[in-house]
Amino acid sequence: MDVEAFAPGRVNVIGEHTDYTGGLVLPLALDMGVTITGRCGGGRLTLDSEQLGSELDVPLPIGDADLSVTPDWARYAVASARHLAFSDGLVGTIESSLPAGGTGLSSSSALTVAIMLAMGALSDDTMAKRKELAETARIIENSATGVKSGIMDQLISLTGLADHAVMIDCHTLDLTPVTIPRSMEVLVFHSGQPRILADSEYNERRESCERIEREIGPLRDAELDDVEALADETLRKRGRHVVSENLRVREMMAAFGADDPEWCGRILNEGHRSLSVDYEVSTPIVDAIQARVANTDGVFGARMVGGGFGGSLVALCEPGTELDISTWWLRARPGPGASVEFS
């Protein structure tokens with residue numbers, strides 16, 4: 001039986017480092033992603049990627065020793081096969097239309113979701129099943145990388161809507177589609193600094209949030225006064241970002257509804273400042289390109305996107321705006337969620 005599975009990457013308009021505390025996010029699935037084509041059966045897991053110049057070939061079922069395979073991308077495949085108890089076999093090819101090289105557009109989550117779908121994980125294609133698979137994909141990705149990420153990337157990859165961003169409540173997993181007004185479009189551009197979360201302080205930020213919640217309760221329910229009362233200055237800063245970022249997601253929904261590009265731009269700029277000053281996940285390189293782009297004619301606002309420590313940024317701009325930067329940039333067109341076909 002032949003299979004073709006596709007899972008999109010994502011860009012998050014606003015709501016960064018809030019998903020792992022059950023907060024609010026506003027991502028959109030891209031019309032670019034990871035595609036796996038192949039044939040089921042044979043009792044082995046064999047995948048190759050011409051773009052990455054490497055191949056995985058292991059017998060099934062997956063044993064403990066297989067979980068430490070190289071190259072790094074292969075760990076998503078073997079962790080998926082292990083978690084799903086997959087033993088039928090799959091021989092396939094991986095292709096990606098996402099920019100390569102630590103971009104922060106969730107290529108790893110797209111790869112994990114595409115692999116799971118190629119292994120038949122979406123036998124019951126309902127919204128409830130897609131939400132369940134998102135949590136499974138999060139667990140698989142965390143085990144493969146050691147990065148304790150939240151559920152946003154996997155969930156938007158599975159539940160994205162064409163022409164829409166989606167506000168996600170990462171506690172209830174409620175989804176609220178929103179149309180981005182025609183007065184603005186989303187651009188994504190790279191800082192020139194690769195991002196590798198496993199080598200960053202991502203887990204340390206999550207542990208800070210867990211410390212805060214032991215003192216004041218869930219951050220998703222907290223107010224700014226609650227975090228300002230924390231004795232530890234660093235924890236105050238971390239909590240201030242998370243609480244204010246949840247507020248910015250709701251504010252962006254209102255700004256989209258009011259079709260107010262200037263308001264939207266201010267929200268992005270404020271979000272970047274919070275990530276840089278309070279959450280301290282930006283870098284001098286990222287800050288410099290954010291400032292440059294945010295002050296470009298036709299750009300309403302910009303901020304870093306993804307876990308931080310390099311990678312990409314997102315901007316809201318007048319339609320047709322082009323960026324004069326030395327790194328790559330692209331227009332982010334909202335696409336549908338993941339899909340799979342067997343024949």
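Bear in mind the structure is a predicted one, so any value in this text is a computation, not a measurement.

Peer 1: Would you mind going over the packing of helix 2 (residues 107-118) against helix 3 (residues 127-145) with me for this structure?
Peer 2: In a packed pair of helices, the relevant descriptors are the angle between the two axes and the axis-to-axis distance. Packing of helix 2 against helix 3 brings their axes to within 10 Å, and their N-to-C directions diverge by 120 degrees. Classified by chirality, the crossing of helix 3 by helix 2 is right-handed. Facing helix 2, whose interface residues are S108, S109, T112, V113, M116 and L117, helix 3 presents L133, T136, A137, I140 and E141. A breakdown of the residues in the contact of helix 2 with helix 3 according to their chemical character gives six nonpolar, four polar and one charged.

Peer 1: Would you mind going over the pairing of strand 8 (residues 185-190) with me for this structure?
Peer 2: Looking along a regular strand, one sees the side chains alternate between the two faces of the sheet. Counting buried residues in strand 8 gives six out of six residues, a clear majority hidden from the surface. Neither face of strand 8 is open: one carries E185, L187 and F189, the other V186, V188 and H190, and all of them are buried. In terms of strand pairing, strand 8 meets strand 10 (residues 312-317) through six bridges, oriented antiparallel. Paired with E185 across the two strands is C317, which belongs to strand 10.

Peer 1: How should I be thinking about the pattern of salt bridges in this particular structure?
Peer 2: Working definition: two side chains of opposite charge can pair if their charged atoms are close together. Summed over the entire model, instances satisfying the criterion amount to 17 salt bridges. The partner of D153 in a salt bridge is R10, with the nearest N and O atoms 2.7 Å apart. With D153 in helix 4 (residues 152-159) and R10 in strand 1 (residues 2-14), this residue pair connects regions lying 143 residues apart in the sequence. Its relative accessible area of 3% is what places R10 among the buried residues. As a salt-bridge pair, R138 and E135 come within 2.6 Å of each other at their nearest N and O atoms. Here R138 pairs with E135, and both are found in helix 3, just three residues apart, close to one helical turn. A residue is classified by how much of its surface remains accessible, and R138, at 17% relative accessible area, is buried. Taken together, the shared-partner salt bridges in this structure form one network comprising E201, E204 and R205.

Peer 1: When you look at the side chain of E141 in this model, what are you seeing that I'm missing?
Peer 2: By secondary structure assignment, the location of E141 is in helix 3. Within polar-contact distance, the side chain of E141 engages the side chain of S109 at 2.6 Å. When sequence neighbours within four positions are dropped, the list of residues in contact with E141 reads Y76, S108, S109, T112, G146 and Q154.

Peer 1: Just to check I follow, could you spell out the nonpolar core for this structure?
Peer 2: Generally speaking, a soluble globular protein has its nonpolar side chains buried in company with each other. One finds V11, L26, L45, L47, L56, M252 and F256 to be the most contacted residues of the largest nonpolar core, which totals 81 residues. Top contributing element to this core by residue count: strand 2 (residues 24-40), with nine residues. The next biggest cluster of nonpolar side chains, apart from the first, holds 30 residues, and it includes Y20, C209, I212 and A315.

Peer 1: Looking at this structure, I do not really get helix 1 (residues 74-83). What am I missing?
Peer 2: Note that an α-helix has 3.6 residues per turn; residues three or four places apart therefore point the same way. Within helix 1, seven of the 10 residues are buried, which leaves it mostly tucked inside the rest of the structure. If you check which residues of helix 1 are buried, you get A74, Y76, A77, V78, A79, S80 and A81. Elements that come into contact with the buried residues of helix 1 comprise strand 3 (44-49), strand 4 (54-59), helix 2 and helix 3. Note on helix 1: the residue one or two positions beyond its end, A85, has a positive phi of about 55 degrees.

Thresholds, definitions, all that
- Residues numbered from 1 in each chain as written.
- Predicted model: local features only at pLDDT ≥ 70, side-chain atom pairs only at ≥ 80, totals over all residues.
- Heavy atoms only, no water.
- Axes fitted to C-alpha atoms, helices over the stretch in contact; angles between N-to-C directions.
- Helix = DSSP H or I, 4+ residues; strand = E, 2+ residues; numbered from the N terminus.
- Left-handed = near helix turned anticlockwise from the far one by under 90°.
- Contact = heavy atoms within 4.5 Å.
- Nonpolar A, V, L, I, M, F, W, Y, C, P; charged D, E, K, R; others polar.
- Buried < 20%, exposed > 50% of the residue type's maximum accessible area, 1.4 Å probe, protein only.
- Pairing = 2+ DSSP bridges.
- Salt bridge = Lys/Arg side-chain N within 4 Å of Asp/Glu carboxyl O.
- Polar contact = N/O pair within 3.5 Å; in protein donor to acceptor, adjacent residues only side chain to side chain.
- Core = buried A, V, L, I, M, F, W, Y, C linked by side-chain atoms within 4.5 Å.

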